[in-house]
Amino acid sequence: MDHTRCTIKAVIILAAVLLARNNVFANNTWESSLYQPGVDSIEIVRSALDGRSQLSYDCHKVLSQLLANHTDPDVLQYFDSWGRVGSGRIVGHSRYPGNYDECMHVKSSLLPQLKTKYCTASLTIPGSTPLQLGVCSPQQCTPEDLSQLYNISVQDTTVSVTCQSQDYKLPPGSIVTLTVVGLVILIAVAATVCEGIFQILKSRSESSGNDDSSSFSSMKNEFPLKYILCFSLYTNTLKTLSTSQPPGAIGCLNGIRVFLMTWVILIHSFIFNFMFISDYPQLQTDLMSQPATRVLLSLFLPIDSFFHLGGLLVTYHQLKSLAKTKPKVSSFFKSLPTLYLQRYIRLTPAYAFMILIWTSLMWYAWDGPYWIIPNPVRTMADTCVDKWYLNLLYVNNLFNPWFSCVGWSWYLANDMQYFLIAPFIVYAFYKSPKIGTAVCSGTILISTMASIGVSHQQGYPFVGEISAIYTFKANPYGEVLPFYFAPWVRYQPYGVGILSGFAVWKLKDMKYKLPQKYNILLWCAATCLCVSVVYAPHAAFMGRHVISMAENDIYNGFARLAWTVGASCVVISCSLGQGGWINEFLSWRIFVPLGKLSYCVYLIHLPVIYILALGARTGTYYSTLMFTKDVIAAIAFSYLMAIPFSLLFEVPFTNLNKLLNSTKPAANKQVKDEHNNGENCNANQNHSEKERLLTKKNLK
């Protein structure tokens, strides 16, 4: 009897445990159910085909065929490629893309007509982080069909599905772009072959003892050969990779250019890697909390440094030119159209080709689960198709720059607009240093007041981190022309660069050397100013200090000014040869060719980062080491890709520009040479006549 009672109790307890276990699983969250083997891609499809969903006929048919043959290894590859929730969900992992390449290469003899496409299902979870799962879909299924698959299997969530277009047929615009690029490459190859033939003939002539170098030079200067040879890859490569510098060049600027460009790539790599493929959000928080990362997150500093260098170089070179030509006011104004045209031709060809390639070919360059395509051409390139002319007119920064064509080119527009006013300020310096200083200081003051006013009006936060706390409503993105892009706000560094350029030109012209105590004072000022701009607001970055509107406006109004004044101290000291080992390092000859590539590196570095970041096959569990590796790869590939880009689309057009500008002086020189040759011929004739008379006299 007792044995029977014990048995009954054990059965009741076991039943209660099993019932409780079933209730736990029934009430468990859907996220936990996704870990169970029963809820996988096969079960999701089976649930959708049991009559509860309203799939389209074609989609229902092909999914039924796949499910009926799911034991076949080739068909099982289709189901295996789907993304499934894995480990790390609790610590913030949200992307499970599955296996993109496995999905795209599904082939089965049982279903020979099967064609697949890669899709991403975004599941909005109440009270949790949104989840992204890779879905391998038959071509017959629409995003709405795939949404129903998850709506049936996963309850209480909002599902949206986007699919990548697999139509890789090039549209007419892409074909035209390929034709134009191919034509430029063909001209470059033809020019290189011609150059090689000339070099071979010249070497043979010299080895045989016949010096026909003058005849070869005259042949190379014949039309149209002299224009074709501007595209010679051989000559242009030698020019680009040459480490020689013209007399009077400021050697340290090459190293500064390279380090600033590296800084820009570092920042953009951080933004895009963590925005698109990082699957470890805690690392982003950890990096932001480290003091060393403040340099990484000071987004405006490298661009402001480029503005500073632009103003400095324009002033330095124009003052050298004005000192040689000594033009009057009328001559100065007459020279402005030529000056602006040369600048436009110098920058625009490479810029235009980059826009053309970005718009028409970029989205065919790679693929993968993170590649931004619902449609390869009409995504980010929409604005380029409609408003490319704003970029070529260098006014794209004035028309909703957050969504402009080739978004990072706003810097080029600002720089070109500053260049329009720079010659007038430089000429004022040439006529009277006091007037020039007053005018330049006035423009800097106006820009400073504009920075404070725009910052206050827009509420633009100088701290972008989530942890920052403000006493006002921060608004970094809501304005049509935000604080970050406005040319009247970003002018401060350019104006300081103009002042620095005048100081460098004057001091080098005087061959002046700073006393040691003043040189040390310059470096102390540079260190204090630059370190203060980067690290003074660290407590605010970490959320330990509440930022008031006044503090925000003061920082936005004066931080750029302080940074560029500190940078000017460094440049002035190094340009006078008093920068010690820092100047020696920045003036290292290896930086000369790398500095020449800076413009093309800036143009193409973001497409390179896009390919490296968005071409990833899986979400990256980022660590500091992994991020460092990706940054090094982005820097290396950017410079490597900039070499052929510069040789094809920048240097040849720079050569053409110089050739066209030298045509008129060459003609004048030819006339002068002919006149001199005529005088020489007359002199030779007179000399021969004297010799004849002298000989006749001696004979007598």
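The following paragraphs examine the structure supplied in this document. (Residues numbered from 1 in each chain as written. Predicted model: local features only at pLDDT ≥ 70, side-chain atom pairs only at ≥ 80, totals over all residues. Heavy atoms only, no water.)

1. Quick notes on the overall build of the protein chain
Thinking step 1. Each helix and strand counted, the protein chain has 29 helices and six strands in total.
Thinking step 2. Within the protein chain, buried positions represent 46% of all 700 residues.
Thinking step 3. Considering only contacts within the protein chain whose residues lie at least 6 apart along the sequence, 79% involve residues at least 24 apart.
Thinking step 4. Working note: accessible area of the protein chain is about 35,900 Å², and carbon and sulfur atoms make up 65% of it. (Helix = DSSP H or I, 4+ residues; strand = E, 2+ residues; numbered from the N terminus. Buried < 20%, exposed > 50% of the residue type's maximum accessible area, 1.4 Å probe, protein only. Contact = heavy atoms within 4.5 Å. Areas by Shrake-Rupley, 256 points an atom, 1.4 Å probe, with all protein chains shown as cover.)

2. As for the sheet that holds strand 3 (residues 131-138)
Thinking step 1. Across the sheet, four strands lie side by side as 1-3-2-4; this open sheet has mixed pairing. Lying at the two open borders of the sheet, with one neighbouring strand each, are strand 1 (95-96) and strand 4 (158-163). (Pairing = 2+ DSSP bridges.)

3. Re the packing of aromatic side chains
Centre-to-centre distance and the angle between the planes together describe a pair of aromatic rings.
Thinking step 1. Under the definition given, this model contains 40 aromatic pairs.
Thinking step 2. Seen from their ring centres, W358 and Y610 are 5.5 Å apart, and the 85° between their planes marks the pair as edge-to-face. Remark: Y610 occurs in helix 26 (residues 598-614) and W358 occurs in helix 16 (residues 329-360); sequence separation between them is 252 residues.
Thinking step 3. You can call Y610 buried: its relative accessible area is 5%.
Thinking step 4. The residue whose ring lies beneath R343 is F419, and the NZ or CZ to ring-centre distance is 4.6 Å. (Phe/Tyr/Trp six-rings, centres within 6.5 Å; stacked < 30°, edge-to-face > 60°. Lys NZ or Arg CZ within 6 Å of the ring centre and 35° of its normal.)

4. Details of the nonpolar core
Thinking step 1. If you look at the biggest cluster of nonpolar residues, it comprises 132 residues, and the most contacted ones within it are L253, M354, W358 and L603.
Thinking step 2. Top element by residues in this core is helix 12 (residues 252-276). It accounts for 13 residues.
Thinking step 3. Excluding its chain neighbours within four sequence positions, the residues that come into contact with L253 are L309, L312, L313 and V571.
Thinking step 4. Ranked by size, the runner-up nonpolar core spans 37 residues in total, among them L49, V85, L123 and V135. (Core = buried A, V, L, I, M, F, W, Y, C linked by side-chain atoms within 4.5 Å.)

5. Some thoughts on helix 8 (residues 172-207)
Think of an α-helix as turning once every 3.6 residues; residues three or four places apart then point the same way.
Thinking step 1. When the terminal C-alpha atoms of helix 8 are compared, their 52 Å separation across 36 residues agrees well with the 52 Å that a helix rising 1.5 Å per residue should span.
Thinking step 2. Every buried residue belonging to helix 8 is among S174, T177, V181, V184, A188, A191, E195, F198 and S205, and all of these are buried. (Expected span 1.5 Å × (residues − 1).)

6. A look at unusual backbone geometry
Thinking step 1. Look at K326: it is not a glycine, yet its phi comes out positive at around 50°.
Thinking step 2. One can find K326 in the loop between helix 15 (300-325) and helix 16.
Thinking step 3. The class of K326 is exposed, set by a relative accessible area of 56%.
Thinking step 4. One non-glycine residue with positive phi stands out, namely N400, at about 45°.
Thinking step 5. Assignment of secondary structure puts N400 in the loop between helix 17 (382-392) and helix 18 (410-431).
Thinking step 6. Assessed through its relative accessible area of 32%, N400 is described here as partly exposed.

7. Focus on a nonpolar patch on the surface
Thinking step 1. Together, I185, V189, V193, I197 and L201 give the surface a local cluster of nonpolar side chains, amounting to about 390 Å² of exposed area.
Thinking step 2. When you line up the elements, I197 lands in helix 8. (Patch = residues over 30% accessible without salt bridge, like charges linked within 9 Å, V, L, I, M, F, W, Y side chains within 5 Å. Salt bridge = Lys/Arg side-chain N within 4 Å of Asp/Glu carboxyl O.)

8. Brief notes about the pairing of strand 3
Thinking step 1. Most of strand 3 sits inside the fold, with seven of its eight residues counted as buried.
Thinking step 2. Both strand 1 and strand 3 contribute to a ladder of two bridges, which runs parallel. Bridging across to strand 3, R95 finds its partner in Q132.
Thinking step 3. Sheet topology note: the strand 2 (residues 116-124)/strand 3 ladder contains eight bridges and is antiparallel. Across the sheet, the residue bridging to L123 is L131, located in strand 3.
Thinking step 4. Hairpin connection, strand 2 to strand 3: the antiparallel pair is bridged by six residues, and G127 has positive phi, about 75°.

9. A closer look at the state of the cysteines
Thinking step 1. Applying the stated criterion across every chain yields a total of four disulfides.
Thinking step 2. The residue that forms a disulfide with C59 is C141, at a sulfur-sulfur distance of 2.0 Å. Judged by the sign of its S-S torsion, about 90°, the bond between C59 and C141 is right-handed. With C59 in helix 4 (residues 57-68) and C141 in the loop between strand 3 and helix 7 (143-153), this residue pair connects regions lying 82 residues apart in the sequence. Here C59 matches C141 in class, with each residue buried.
Thinking step 3. In this model C119 forms its disulfide with C163; the gap between the sulfur atoms is 2.0 Å. The S-S bond linking C119 to C163 shows a torsion near 100°; that makes this disulfide right-handed. Pair noted here: C119 is in strand 2 and C163 is in strand 4, with a separation of 44 residues, a long-range link.
Thinking step 4. The class for C119 is buried, based on a relative accessible area of 0%.
Thinking step 5. A relative accessible area of 13% places C163 in the buried class. (Disulfide = S-S within 2.5 Å.)

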